[in-house]
Amino acid sequence: MRPERLEVRGFTAFREPTTIDFSGVELFALTGPTGSGKSSLIDALTFALYGSVVRYDDVRRVEPIISSGMNEARVRFDFELEGRHLVATRVVKKTSSGGATTAEARLEQADGDVLASGAADVTAKVTELIGLDFAHFTRSVVLPQGEFAQFLHDKPGDRQAFLKALLDLGVLGRVREIARERLQAATTETELHSRRLGVIETSTKEAEEAARDREKRLGELATDIQKAVAELEDLGEQVEKSRATVEGTRQDCNLVAEIRRPEGLDTLSEDFAKTDTAEKEAAEAVKRADTALQETSEKRFALPKISEVERMEKDRTMLTMLENQQDGLTDPSDSVEEKDEALAAAQQVVETRQRELETLRRSHAAADLLVDVAPGDPCPVCHRSLDEIPDHSGADDVAAARRDLDKAKAQLTTARDELAASRKTLVRYQIESEGLEKRLTEVREAVAQIPRDLTALRESVLGAETALERVRQTRDDEKKRHAEAVENRRQATEQSRRVTSDFQRVRDGLARLGPPPVEGEDPVADWQTLVDWAAEKLIGLEQTIKEEATTLEEMSTDAEEKRRAIRARLEGEGIEPVSNPAVAVAVAHQKAVADLERITKERVEADEIRNRIIALEKDASLTKSLMDHLRANRFEGWLLAEALYRLVDGANRLLGELSSDIYSLDVGERAFVVIDHRNLDARRDVRTLSGGETFLVSLALALSLAEQLGEMASAGAARLDAIFLDEGFGTLDAETLETVASVVSELASTGRIVGLVTHVRDLADQMPVRYVVARGASGATVEREGR
């Protein structure tokens, strides 16, 4: 795993977007004052990959990584792994409850192809690709503060587990499992081949020769049977033809024997003559009835219809009623003249009273002006308010004249209304009188055409209708009798036609037997000729049946002998006799061919199986030997011990440089021990080292691990292409710092990326690239120095 780029925002000290570009960098230092946020960048890298930070008590907590006062933290880490450019991204957001959760987690290739999404899935995929889980990653790739000496102080079991993960020694277990599966597969295949060999061991050379002989015999038998079956089929066809002849002749006998004279044949002509005469007589009776009906109808139609007689009677009654109605009308013309004169007189009175009133009003003008004035009203002359009404003479005369005028007007109105009513009555009278006169004229004209004696006319019409109905009934009866006669003649004709048709049908049914020709004029004579011929023909047909039956019996006996011969040959070859021997022999021959092919193939298969079993047994023996070597972890233990010794050997070389050959390491039974060369090579527990001494020894182990792992690991082991050291280099003197710088430079020259996290400026200045971390009011920032 080689880092390429790190982007953070809202992550611990880095509030603002911050980017670190690792492109082209092999050796670098993250430097800056204590507390500036250097270690936070290593935490961000680890968090992007695994979603955890090792410096927290609970590595799974995510809320501490969010910068104070911000709602989310975002980390993106671009890295290269075995030629693949990958991007790990995680986003943490605060929740309403005061905690935080990973809102987004994604691992993808640089081209956008998503490899995993979701916090847990991304962690699992990173662990699978890098080959290290979070705990092992923070002990071999990223060595954070406080965790540097953990490998040095680990228990043997934890140390072995750590090395097994780094070296991917789990592959030995997989090899052992594959070997076990291969041994089991070989054993199973051997058993299957052995069973198969037991099944086909009867397919010997002798069995093959016997099968070949049987195939040859059955082939020859199939040819013979086909020929015999063909002969038998020809004979069978002759038998069937003879049997069909006998059966057909029997049917002809039955047909000829059933020929009889039809019943009623002798009286057929007489019956037809009777029905013909009856039909003609009935037809004449119908003609006579039609003539009588025609004459009676003419008499009846010479008289009016009964409805016309009834109309004439109604017209006479109507005339009498209209004349009586006319006599009852009263002419109101005199009343109108009287009302008109009364209206003129009333009009004259009104005019007289009007002149009288005008004369009095002029004579008594003042009194007239005060007629409608009351006390308090304005004066009609001066318009001043009147306290009381002045007394003027003549007021009563004016009032009396007014009353007389009103009375005269009322009488005039009454006279007008009465005149209008009389005029309306006169109009109605005139309209009714004119209509009645018009109707009387019409009815009188109609009555003038009516005979005087309507009673006699009615009796004549009713008598004529009764006579017509009687004649019509007689005609209907004669028609019915004629229809019955026609039906009787039709039936007689149909009977004659049926006799002729039956004769023709019977004769046509005998056409293949050659019935005699007939005249076709006399059905009786035709039937007699046919009956005589049938009696003679029956004798000849019975003789034919006897002769054909003898031939049929001879052919049936010959066919049975042939079938027995076929059955005998089939039984000789062990073939069950069936209805179709040719098919049975063909099936048996095909089976013999298949048996021969099967035995030949099984002989070859048996040889192949024996050779395969030998190879499987050899492979199983080799596989079992490999399993014995891998059993009980002996090989794995040897590998772990060898790896640990090589790791210690490399660490001692580095430790010699770092400590001026004062210390070296060795592997004890349970833990590492330190050899103190200043004290007569005394061996003592690593826990007796001081803080600075522990740092040097741990650094030597970490650098040796990074240096040696590529040579010791298997193809599937973890890939440590980078190492990040976050520890207190401040405890080292200048000479040791110089040595550390030389060692890490040499490690970086092997193709690994080495990063140091330190606040020691002298050490940082010796690194070719420095990422200087500073903390300001808006959070931490990073600035790159060097090439």
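Only a predicted model underlies this, so the values are computations on that prediction, with no experimental measurement involved.

Visitor: Would you take a moment to explain the overall build of the protein for this structure?
Guide: If you tally the helices and strands in the protein, you get 19 helices and 15 strands. Partitioning the intrachain contacts of the protein with sequence separation of at least 6 by distance along the chain shows that 70% fall at a separation of at least 24. Within the structure as shown, the protein displays about 45,100 Å² of accessible surface, and the carbon and sulfur contribution to it stands at 49%.

Visitor: Whenever I open this one, helix α14 (residues 523-572) confuses me. Can you help?
Guide: At 3.6 residues per turn, the α-helix brings residues three or four places apart onto the same side. Taking 1.5 Å of rise per residue, 50 residues should cover 74 Å, and α14 covers 71 Å from first to last C-alpha, within 8% of that figure. Those residues of α14 that sit buried are Asp-526, Trp-527, Leu-530, Trp-533, Ala-534, Leu-541, Ile-545, Leu-552, Met-555, Ala-559, Ile-566 and Leu-570. Of the residues trailing α14, Gly-574 is marked for its positive phi of about 75°.

Visitor: Teacher, can you tell me more about the layout of surface pockets here?
Guide: To find leftover empty space, a probe the size of one water molecule is rolled over the atoms. When its volume is computed, the second largest pocket comes out at roughly 200 Å³. Val-229, Leu-232, Glu-233, Arg-563, Ile-566, Arg-567, Leu-570, Pro-577, Val-578, Ser-579, Asn-580 and Pro-581 are the residues that line the second largest pocket. For the lining of the second largest pocket, the elements supplying multiple residues, two or more each, are α7 (205-257) and α14. Ranked by residue count, the leading element in the lining of the second largest pocket is α14, at four residues. Split by residue class, the lining of the second largest pocket holds seven nonpolar, two polar and three charged.

Visitor: Help me understand empty space enclosed by the protein, please; the structure alone is not making it clear to me.
Guide: Tallied over the entire structure, the rule returns four cavities of 30 Å³ or more. Empty space within the second largest cavity amounts to approximately 40 Å³. Taken together, Leu-6, Ile-20, Phe-22, Leu-30, Leu-41, Ile-42, Leu-45 and Phe-724 form the lining of the second largest cavity. For the lining of the second largest cavity, the element with the highest residue contribution is helix α1 (residues 38-50), accounting for three residues. Of the residues in the lining of the second largest cavity, the class split is eight nonpolar, no polar and no charged.

Visitor: Explain the packing of aromatic side chains here, please?
Guide: In this description, an aromatic ring pair is defined by two values, namely the gap between the centres and the angle between the planes. Within the structure shown, the criterion is met by seven aromatic pairs. Members of the aromatic cluster, each reached through a chain of ring pairs, are Phe-22, Phe-28, Phe-724 and Tyr-771.

Visitor: Is there a simple way to think about the sheet that holds strand β9 (residues 663-667) in this case?
Guide: Strands pair in a sheet through their backbones, by hydrogen bonds, and they do so in one of two ways: parallel or antiparallel. The sheet built from three strands is open, its strands ordered β9-β10-β11 with antiparallel pairing. Each end of this open sheet is capped by a strand with a single partner; those strands are β9 and β11 (682-685). Shown here is a sheet whose adjacent strand axes are inclined to one another by a mean of 35°, direction ignored.

Visitor: Is there a simple way to think about the sheet that holds strand β2 (residues 18-21) in this case?
Guide: Taken in spatial order, the six strands of this open sheet run β2-β1-β4-β5-β6-β7, and their pairing is antiparallel. The open sheet is flanked by β2 and β7 (114-117), the only strands paired with a single partner. Strand-to-strand twist in this sheet, taken as the mean axis angle between neighbours without regard to direction, amounts to 10°. In this structure, strand β1 (residues 2-9) lies alongside strand β4 (residues 72-81), joined through seven bridges in antiparallel fashion.

Visitor: Got a minute to help me understand the side chain of Glu-602 in this structure?
Guide: Relative to the elements of secondary structure, Glu-602 occurs in helix α15 (residues 581-630). In terms of polar contacts, Glu-602 uses its side chain to reach the side chain of Ser-203, at 2.2 Å. For Glu-602, the residues in contact, after removing those within four places along its chain, are Arg-196, Ile-200 and Ser-203.

Visitor: I tried to follow the pattern of salt bridges on my own but got confused; where do I start?
Guide: Between side chains of opposite charge, a pair can form when the charged atoms approach closely. Inspection of the entire model under this criterion finds 38 salt bridges. For Arg-598, the salt bridge is made with Glu-602, and the minimal N-O distance between the two is 3.1 Å. Taken together, the residues span about one helical turn, with Arg-598 and Glu-602 both in helix α15 at a distance of four residues. Exposure remark for Glu-602: the relative accessible area of 8% places this residue in the buried category. Here the salt bridges share partners, and the residues they tie into one network are Arg-196, Lys-591, Asp-595, Arg-598, Glu-602 and Glu-605.

Visitor: Which parts of the structure should I look at to understand helix α8 (residues 268-302)?
Guide: Here α8 contains 35 residues, and its C-alpha end-to-end distance of 52 Å stays within 8% of the 51 Å for a straight helix at 1.5 Å per residue. Summarising the contacts, the buried residues of α8 are in contact with α9 (306-327) and α13 (454-509).

Visitor: How do you make sense of the confidence of the model for the protein when you look at a structure like this?
Guide: Caution is warranted with low-pLDDT regions, since their predicted coordinates should not be read in detail. Across the protein, pLDDT averages 81, with 88% of residues at or above 70. Overall, residues 713-718 carries pLDDT values under 50, and its contacts beyond four positions in sequence, including any with other chains, amount to 15 contacts.

Visitor: Just checking my understanding: could you explain the pairing of strand β12 (residues 722-726) for this structure?
Guide: In regular strands, side chains alternate between the two faces of the sheet. The buried fraction of β12 amounts to five of the five residues, a majority that puts the element mostly inside the structure. Going residue by residue along β12, you find Ala-722, Phe-724 and Asp-726 tucked away on one face and Ile-723 and Leu-725 tucked away on the opposite face as well.

Visitor: Quick question: what am I supposed to make of unusual backbone geometry here?
Guide: The phi torsion of most residues other than glycine is negative, and most of the peptide bonds are trans. Even without being glycine, Glu-82 reaches a positive phi, approximately 50°. Within the element layout of this structure, Glu-82 appears in the loop between β4 and β5 (84-94). For Glu-82, a relative accessible area of 59% translates into the label exposed. Its identity is not glycine, yet Asp-681 carries a phi of approximately 55°, on the positive side. Mapping Asp-681 onto the fold places it in the loop between β10 (672-676) and β11.

Visitor: Explanation requested: the pairing of β11 in the structure shown.
Guide: Here β10 runs beside β11; their pairing, made up of four bridges, is antiparallel. Residue pairing across strands places Asp-676 opposite Ala-682, the latter belonging to β11. Counting the residues between successive antiparallel strands, the hairpin from β10 to β11 contains five residues, one of them, Leu-680, with a positive phi of roughly 55°.

Visitor: Help me understand the environment of Lys-216, please; the structure alone is not making it clear to me.
Guide: With respect to the helices, strands and loops of the structure, Lys-216 is situated in helix α7. Owing to a relative accessible area of 55%, Lys-216 belongs among the exposed residues under this scheme. Put simply, Lys-216 and His-589 are 373 residues apart on the chain and 8.5 Å apart in space, counted from C-alpha to C-alpha.

Visitor: Sorry, what's going on with the side chain of Glu-208 here?
Guide: Along the chain, the position of Glu-208 falls in helix α7. Judged by its relative accessible area of 11%, Glu-208 is buried. Apart from the residues lying within four places of it in its own chain, the contact partners of Glu-208 are Leu-596, Ile-599, Thr-600 and Arg-603.

Visitor: What am I meant to see in the packing of α13 against α14 here?
Guide: The packing of two helices is summarised by the inter-axis angle and the distance between the axes. Running from N to C, α13 and α14 point in directions that differ by 25°, and their axes come no closer than 10 Å. Judged by the inter-axis angle, α13 sits roughly parallel to α14. Note that α13 runs across α14; the crossing there is left-handed. Here Val-499, Thr-500, Asp-502, Phe-503 and Val-506 of α13 come into contact with α14, specifically with Pro-523, Asp-526, Trp-527 and Leu-530.

Visitor: Any chance you could explain a negative patch on the surface here in plain terms?
Guide: Together, Asp-331, Asp-334, Glu-337, Glu-338, Asp-340 and Glu-341 give the surface a local cluster of negative charge. Note on placement: Asp-334 falls in helix α10 (residues 333-363). Owing to a relative accessible area of 52%, Asp-334 belongs among the exposed residues under this scheme.

Calculation criteria
- Residues numbered from 1 in each chain as written.
- Predicted model: local features only at pLDDT ≥ 70, side-chain atom pairs only at ≥ 80, totals over all residues.
- Heavy atoms only, no water.
- Helix = DSSP H or I, 4+ residues; strand = E, 2+ residues; numbered from the N terminus.
- Contact = heavy atoms within 4.5 Å.
- Areas by Shrake-Rupley, 256 points an atom, 1.4 Å probe, with all protein chains shown as cover.
- Expected span 1.5 Å × (residues − 1).
- Buried < 20%, exposed > 50% of the residue type's maximum accessible area, 1.4 Å probe, protein only.
- 1 Å grid on protein atoms, 1.4 Å probe; cavity = no way out; pocket = protein on both sides within 12 Å on 5 of 7 lines; lining within 4 Å.
- Points joined across faces, edges and corners; volume = space filled by probe spheres on them.
- Nonpolar A, V, L, I, M, F, W, Y, C, P; charged D, E, K, R; others polar.
- Phe/Tyr/Trp six-rings, centres within 6.5 Å; stacked < 30°, edge-to-face > 60°.
- Pairing = 2+ DSSP bridges.
- Axes fitted to C-alpha atoms, helices over the stretch in contact; angles between N-to-C directions.
- Polar contact = N/O pair within 3.5 Å; in protein donor to acceptor, adjacent residues only side chain to side chain.
- Salt bridge = Lys/Arg side-chain N within 4 Å of Asp/Glu carboxyl O.
- pLDDT = per-residue confidence, 0-100.
- Parallel < 35°, antiparallel > 145°, perpendicular 65-115°, else oblique.
- Left-handed = near helix turned anticlockwise from the far one by under 90°.
- Patch = residues over 30% accessible without salt bridge, like charges linked within 9 Å, V, L, I, M, F, W, Y side chains within 5 Å.
- Lys, Arg positive; Asp, Glu negative; His and termini not counted.
- Charge placed at Lys NZ, Arg CZ, Asp CG, Glu CD.

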